[in-house]
Amino acid sequence: MLFICGEGLGHTSRCLALGKELLAAEHEVHFGAYGYSKELVEKTGYSAWEIRPEIRLRGETGTFEIGKSVKETLRNLSPAGFRKLLKLIEALDPDVVLSDGYYSGVLAARSRKVPVYFIGHQFNMEEFFQKRGPLLDAAGKLVRKFYNYIFSSVDGIIVPDYPLPYSVNRRNFTISRALNENIFFSGPLIRSRYGEVEAKTLRHPNVLSTIGAFGYRAAIFRKVLEAAKLDPDIHYTFIAGPEIVPKQFPEIPENVEFTGFTDNPFPYYRGSDLVITAGGHGTIMESLAFGLPVLSFPDEKHTEQENNATVLEEAGYGKRMSYLTHPEVILACIREVLEDENYRRKTRRLMELAEVLDGPAAVRKLLEEKFGERPAGEENSKEET
């Protein structure tokens, strides 16, 4: 059973990678999702059980707002939704639950005494609340106690990132050493491997802009569009998020192509030279696994994204950008990264490492070694779906 947090599509993409791998090995897989996440699961060809939203992220003009996010999250907490999770687990009777950023899934699995693994890349959520006033500071301490309880209660923690020292999430990895034996760095969980994908035919050099599902990130689109107008010899492909449509942006230059939202970005990765994205862990992992340098525009005051972008720059995998960056400077950064072979050399190494690690297969093997097959003749209590 895979429970998926629907805030940002990175959680969904890596769960689809796991589902694909497990199904290919003839295991039975169920998805629990909501919103855009559920839609993406179904567009991919799988069915999904509806679960209630949990964490909600809110912001305006590129700034993550913790206060609004907390209020929206509290409004979504529902005893009825939790009871529905309990009934779902009881009906499906899974051997193991994998909960990707969905804390209710962990609590429900523990309540039903089902083994559960937490999938996550962020382990410092308290930082979101710090230096924002006494009320949020107190809330942050409660959040820390809660997620420490979650991490200590699961059977294992799967980190969908490169192992140290290559981990992009290493600034977000503040976790008790007592849990070290339960932590498994799987490598990137990518739905399509580099060698399996045929490149989209694109004009080169090609910059791929893939901004997520939040409409407030449209500000990045506008600035990158302005940068594109300054040099027609560099070509751009925009994969728009679900809340962004090309009609919002007049005067699209000839060297820019809008593809709309796609559930399969991998041919575009394979055919591009550079990725412009926000600071989400999922898209960064996909970009690096395809050997692409990244210009990252993290949401302001979103500590996890800012840390990811900082590591990209420190490690030489790309550059940390800002919503305040001028189009002329964006173009200068694009040129620098395209022209400096050191960026491509380092990200090419990460592409090769992702191929060797094969994250989805590594997780499958971990689960098979732990749980194996059910004994011959044992009947499932669930109906086939």
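Given the structure is predicted, the values throughout are model-derived calculations rather than measurements.

Caption draft 1: Representation of the sheet that holds strand S6 (residues 97-100) within the structure. Spatially, seven strands are ordered S3-S2-S1-S6-S7-S8-S9 in an open sheet, and the strand pairing comes out parallel. Where the open sheet ends on each side, the last strands, each with one partner, are strand S3 (48-50) and strand S9 (183-185). The sheet shows a mean angle of 25° between the axes of neighbouring strands, direction not considered. The pairing of strand S1 (residues 2-4) with S6 spans three bridges and is parallel. Within S6, the position partnered with Leu 2 by the bridge is Leu 98.

Caption draft 2: Broad picture of the pattern of salt bridges. Within this structure, the stated rule accounts for 14 salt bridges. For Arg 14, the salt bridge goes to Asp 100, with nearest N and O atoms at 2.7 Å. With Arg 14 in helix H1 (residues 10-24) and Asp 100 in strand S6, this residue pair connects regions lying 86 residues apart in the sequence. Each member of the pair, Arg 14 as well as Asp 100, carries the same accessibility label: buried. Linking Arg 364 and Glu 368 is a salt bridge whose minimum nitrogen-to-oxygen distance equals 3.0 Å. A residue pair is termed a helical-turn pair when its members lie 3 or 4 positions apart in one helix, as Arg 364 and Glu 368 do in helix H13 (residues 359-371) at four residues. Connected through shared salt-bridge partners, Glu 21, Arg 364 and Glu 368 make up one network.

Rules of the game
- Residues numbered from 1 in each chain as written.
- Predicted model: local features only at pLDDT ≥ 70, side-chain atom pairs only at ≥ 80, totals over all residues.
- Heavy atoms only, no water.
- Pairing = 2+ DSSP bridges.
- Helix = DSSP H or I, 4+ residues; strand = E, 2+ residues; numbered from the N terminus.
- Axes fitted to C-alpha atoms, helices over the stretch in contact; angles between N-to-C directions.
- Salt bridge = Lys/Arg side-chain N within 4 Å of Asp/Glu carboxyl O.
- Buried < 20%, exposed > 50% of the residue type's maximum accessible area, 1.4 Å probe, protein only.

Without other data, these values stay purely geometric and don't point to any function.
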